[in-house]
Amino acid sequence: MADNKLKHSISTAGLIALGSGGVIGSSWIYTNSEFFGQYGAGGEIFGLLAASLLAIMVSLSFAELSTIYPKAGGEVVYGYEAFGKKGGLFAGWALLGSYLSALAFYVTASSYLLSEIFPQIATGPSYTFAGVKVHYSELILGVLITLFIFGINYLGAQLTSNVQIVLFALLIILGSTLAIVGFSHGSLSNFSPSFYDGQAKTPAIFRFILPAMTFLTGWESIGVMAEEVKTPAHKIGKIVILSIVFAASYYILVLLSSAWVFPWKETAQMNMGSIDAFKAAGFPKLGTAAFVIAFLGLGTSFLALFSAAPRLIYSLAEKEILPKYFAKVHPKYGTPSRAVALTLVLVLGLGWMGKGALTYFLDIGGFLTALAWGINAFNLAAIRKKHPELKGGFRNKHLTLPIIGGVIAIVIALATVIPGTSVSLVWPYEYVVLGIWIVIGLVSYFTSKKEK
């Protein structure tokens, strides 16, 4: 690897598994107790549907640009080509922050899930963050799982994608089983009415779009890892859209089936959402299946985002926005090994906050996701204007839909940073964390080499 290039080692099946599997995480299947209680089943499910439609509109710009620039870093490259170094930093930093928000949560989410089977994990010495207790045994186990994910990613994209294919196949089998049983043995009366009496429906749906966008992030990893795929460039754009449609359908069908099989208002009083709902409905084995989905989803999302984040760092380093040190490719494994190691440090540096930071990670991740999605529509418009001759295998006939999607995403992002609204970030903690991330990005930019 003397040429310091990434290896072409990801198959088409692996790319689809990384895209869709990267979206399907874990917390959605057990936090729906909390979300049903806060937004109503309708607020969560219809909010997720609205966010999915927005994601599809936004993905049209990613789909086109990923076929024109099948390069590591995805949006970093698009932003750089559209607006120079500032554009590369702005786009890449937003998406990187979104991925790190999700990854940081997974550090203790993995041990949290295991503690449902082995309660002794959540015992012994502990500390408290944001009012939630985190046991050192949970943290240590979460760190060990994170190190395992790090190891797979360090050893090569092919190993990562092969593991992802297996986990993703299991997700499909279990999710299909839950949906079939839920709809065939449940009733519409368990779901309808889908809001609480007197609840304001539209605000509930709109407010859930923000965390839903965090649930839906991960498909961008297809463009981020495009340089390492064996798939012809002209097919990548279609895989981007297919991944969102599949993952969004999976989310909605499984959540809806859990509200179909058991009254959602009762599920809202439980601890583990769909897991408890299927058990209470008389299907304990399916409750266990829902638990396995949560763990598999954590694995697929953990793997995909831990693969994508270093490629963003690698691309930022290649553009000399971050130190060139992180653009080094491992001579044997063909991975951006130093960027992978930095990702590990950043994830563990945030992951100690534990389950109490779930809302923080979802909200900040949602804001950064919305920002990254919105920016890319304007990247496409700028590149079309600068380079009208460039055409990939996927091309939007009109830019109306991706631009509308981009504008909506940016409006949602801006609405969350205005204090005092129903969709505002939590003061002061989320504003402080977001401010720190922005400052780090600005320092990176102003200390980097100037464009020639």
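Everything that follows concerns the structure shown earlier in this document.
Overview of the structure.

About the cut-offs
- Residues numbered from 1 in each chain as written.
- Predicted model: local features only at pLDDT ≥ 70, side-chain atom pairs only at ≥ 80, totals over all residues.
- Heavy atoms only, no water.
- Core = buried A, V, L, I, M, F, W, Y, C linked by side-chain atoms within 4.5 Å.
- Buried < 20%, exposed > 50% of the residue type's maximum accessible area, 1.4 Å probe, protein only.
- Helix = DSSP H or I, 4+ residues; strand = E, 2+ residues; numbered from the N terminus.
- Lys, Arg positive; Asp, Glu negative; His and termini not counted.
- Salt bridge = Lys/Arg side-chain N within 4 Å of Asp/Glu carboxyl O.
- Contact = heavy atoms within 4.5 Å.
- Expected span 1.5 Å × (residues − 1).
- Bend = angle between axes of the 7 residues up to and from the residue.
- Axes fitted to C-alpha atoms, helices over the stretch in contact; angles between N-to-C directions.
- Left-handed = near helix turned anticlockwise from the far one by under 90°.
- Nonpolar A, V, L, I, M, F, W, Y, C, P; charged D, E, K, R; others polar.
- Phe/Tyr/Trp six-rings, centres within 6.5 Å; stacked < 30°, edge-to-face > 60°.
- Lys NZ or Arg CZ within 6 Å of the ring centre and 35° of its normal.

## A closer look at the nonpolar core
Trp28, Tyr30, Leu96, Leu103, Trp219, Phe306 and Trp373 are the most contacted members of the largest nonpolar core, which has 157 residues in total. If one sorts the elements of this core by residue count, helix H3 (residues 75-117) sits on top with 22 residues.

## Description of the side chain of Glu227
Take Glu227: it is sitting in the loop between helix H8 (221-224) and helix H9 (233-261). There is no salt bridge for the buried Glu227, and the closest opposite charge comes from Lys5, which lies 5.4 Å off by N-O distance. Not counting residues within four places of it along the chain, the set of residues in contact with Glu227 comprises Leu6, His8, Pro70, Lys71 and Ala72.

## Some remarks on H3
In this model H3 runs just 40 Å from its N-terminal to its C-terminal C-alpha over 43 residues, more than 12% under the 63 Å that 1.5 Å per residue would give. The largest bend along H3 reaches roughly 150° and is located at Phe83. Taking burial as the measure, the 43 residues of H3 include 36 buried ones, the bulk of the element.

## A closer look at the packing of helix H12 (residues 284-318) against helix H13 (residues 337-351)
Where H12 meets H13, the axes come as close as 8 Å, and the angle between the chain directions of the two elements is 115°. For the crossing formed where H12 meets H13, the hand is right-handed. Across from Phe306, Ala309, Pro310, Ile313 and Tyr314 in H12, the residues of H13 making contact are Ala339, Val340, Leu342, Thr343, Leu344, Leu346 and Val347. Across the contact of H12 with H13, the residue classes break down as 11 nonpolar, one polar and no charged.

## A few points about unusual backbone geometry
As a rule of thumb, non-glycine residues mostly have phi less than zero, and peptide bonds are mostly trans rather than cis. Residue Pro193 is bonded to the preceding Ser192 through a cis peptide linkage, with omega at 0°. Despite not being glycine, Glu320 has its phi angle at roughly 60°, a positive value. One can find Glu320 in the loop between H12 and H13.

## Some thoughts on the packing of aromatic side chains
Scanning all chains against the criterion turns up 30 aromatic pairs. Where Phe62 meets Trp219, the ring centres are 4.9 Å apart and the plane angle is 80°; that geometry is what we call edge-to-face. Of this pair, Phe62 sits in helix H2 (residues 32-68) while Trp219 sits in the loop between helix H7 (201-216) and H8; the two residues are 157 residues apart in sequence, bridging distant segments of the chain. The burial state of Phe62 is the same as that of Trp219; both residues are buried. Taken together, a centroid distance of 5.5 Å and an interplanar angle of 65° make the contact between Phe168 and Phe246 edge-to-face. Residue Phe168 is located in helix H5 (residues 157-185), and its partner Phe246 is located in helix H9; the two are separated by 78 residues in the primary sequence. Given a relative accessible area of 9%, Phe168 falls into the buried group. Members of the aromatic cluster, each reached through a chain of ring pairs, are Trp28, Phe35, Tyr39, Phe168, Phe208, Phe215, Phe246, Tyr250 and Tyr251. When the ring centre of Tyr80 is taken as origin, the NZ or CZ atom of Lys319, which lies over that ring, is 4.7 Å away.

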